Amino acid sequence: REAKERVKSYADVENSDLGSSDDEEDKALRQEKAVDAAVESGEACFLCRREDQGEYMLLCDGCNKGFHIMCLQPRLKSIPTGDWSCPLCAAVAEKEEERDRA
């Protein structure tokens, strides 16, 4: 009986530890989903996934995702005027142009 009680109390401790771990995982998952939503809406940078420095954020005219000018490679020194396409959309557009020329 004493051994069973020790096993039971050990299981209770394990379950309580797992509960707090599950809460932390749930919180992390909720935060990750919030960041994903911010990236999809263009509120956060697609590359670094941060929402700060909005004055340096470009929105792609193709996919509407946000990009900090300093996260792009090569880095941009300033916000360009006119339409702008992110590297992904620019590559797709280039392939479509090549296909149309062929």
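Computed from a prediction, not measured in an experiment: that's the story for all the values here.

Reading the values: rules and limits
Residues numbered from 1 in each chain as written. Predicted model: local features only at pLDDT ≥ 70, side-chain atom pairs only at ≥ 80, totals over all residues. Heavy atoms only, no water. Helix = DSSP H or I, 4+ residues; strand = E, 2+ residues; numbered from the N terminus. Contact = heavy atoms within 4.5 Å. Salt bridge = Lys/Arg side-chain N within 4 Å of Asp/Glu carboxyl O. Buried < 20%, exposed > 50% of the residue type's maximum accessible area, 1.4 Å probe, protein only. Patch = residues over 30% accessible without salt bridge, like charges linked within 9 Å, V, L, I, M, F, W, Y side chains within 5 Å. Areas by Shrake-Rupley, 256 points an atom, 1.4 Å probe, with all protein chains shown as cover. Lys, Arg positive; Asp, Glu negative; His and termini not counted. Charge placed at Lys NZ, Arg CZ, Asp CG, Glu CD. Phe/Tyr/Trp six-rings, centres within 6.5 Å; stacked < 30°, edge-to-face > 60°. pLDDT = per-residue confidence, 0-100.

Observations concerning the environment of Cys-45
Assignment of secondary structure puts Cys-45 in the loop between helix 1 (2–41) and strand 1 (57–59). Taking the C-alpha atoms as reference points, Cys-45 and Ile-69, separated by 24 residues in sequence, lie 9.5 Å from one another. Apart from the residues lying within four places of it in its own chain, the contact partners of Cys-45 are Val-39, Arg-50, Met-57, Gly-66, Phe-67, His-68 and Cys-71.

Details of the pattern of salt bridges
Across all of its chains, the model carries 5 salt bridges by this definition. A salt bridge links Arg-49 to Asp-36, with the shortest nitrogen-to-oxygen separation between them at 2.5 Å. Of this pair, Arg-49 sits in the loop between helix 1 and strand 1 while Asp-36 sits in helix 1, and the two are 13 residues apart along the sequence. The class for Arg-49 is partly exposed, based on a relative accessible area of 30%. Residue classification places Asp-36 among the partly exposed residues on the basis of a relative accessible area of 33%. Each of Glu-32, Asp-36 and Arg-49 takes part in a single network of salt bridges with overlapping partners.

Thoughts on a negative patch on the surface
Together, Asp-22, Asp-23, Glu-24, Glu-25 and Asp-26 make up a negatively charged patch on the protein surface. Relative to the helices and strands, Asp-23 is located in helix 1.

Section: unusual backbone geometry
Residue Pro-74 is reached from Gln-73 by a cis peptide bond, and omega for that bond is 0 degrees. The phi torsion at Asn-64 lies on the positive side, around 65 degrees, for a residue other than glycine.

Quick word on the packing of aromatic side chains
Note on aromatic pairs: each is described by the distance of the centres and the angle between the planes. If you walk through the whole model with that rule in mind, you get 2 aromatic pairs. Relative to Phe-67, the ring of Phe-46 lies with its centre 5.6 Å away and its plane at 45 degrees, an arrangement referred to as tilted. Taken together, the positions of Phe-46 in the loop between helix 1 and strand 1 and Phe-67 in strand 2 (residues 66–68) put the pair 21 residues apart, joining distant regions of the chain. A residue is classified by how much of its surface remains accessible, and Phe-46, at 30% relative accessible area, is partly exposed. According to the relative accessible area criterion, Phe-67 is buried, its value standing at 2%. Seen from their ring centres, Phe-67 and Trp-84 are 5.7 Å apart, and the 65 degrees between their planes marks the pair as edge-to-face. On the criterion of sequence distance, the pair formed by Phe-67 in strand 2 and Trp-84 in the loop between strand 2 and helix 2 (87–101) is long-range, its members being 17 residues apart. A residue is classified by how much of its surface remains accessible, and Trp-84, at 13% relative accessible area, is buried. By way of ring pairs, the aromatic residues Phe-46, Phe-67 and Trp-84 are connected into one cluster.

Here we look at the confidence of the model for the protein
When pLDDT drops low, the exact placement of atoms in the prediction is not to be read closely. Chain-level statistics for the protein give a pLDDT mean of 81 and a share of 80% at 70 or above. Within the protein, strand 2 carries the highest mean pLDDT (94), whereas helix 1 carries the lowest (67). Confidence drops under a pLDDT of 50 for residues 2–11, and excluding neighbours within four residues, the segment shows 0 contacts in the predicted structure.

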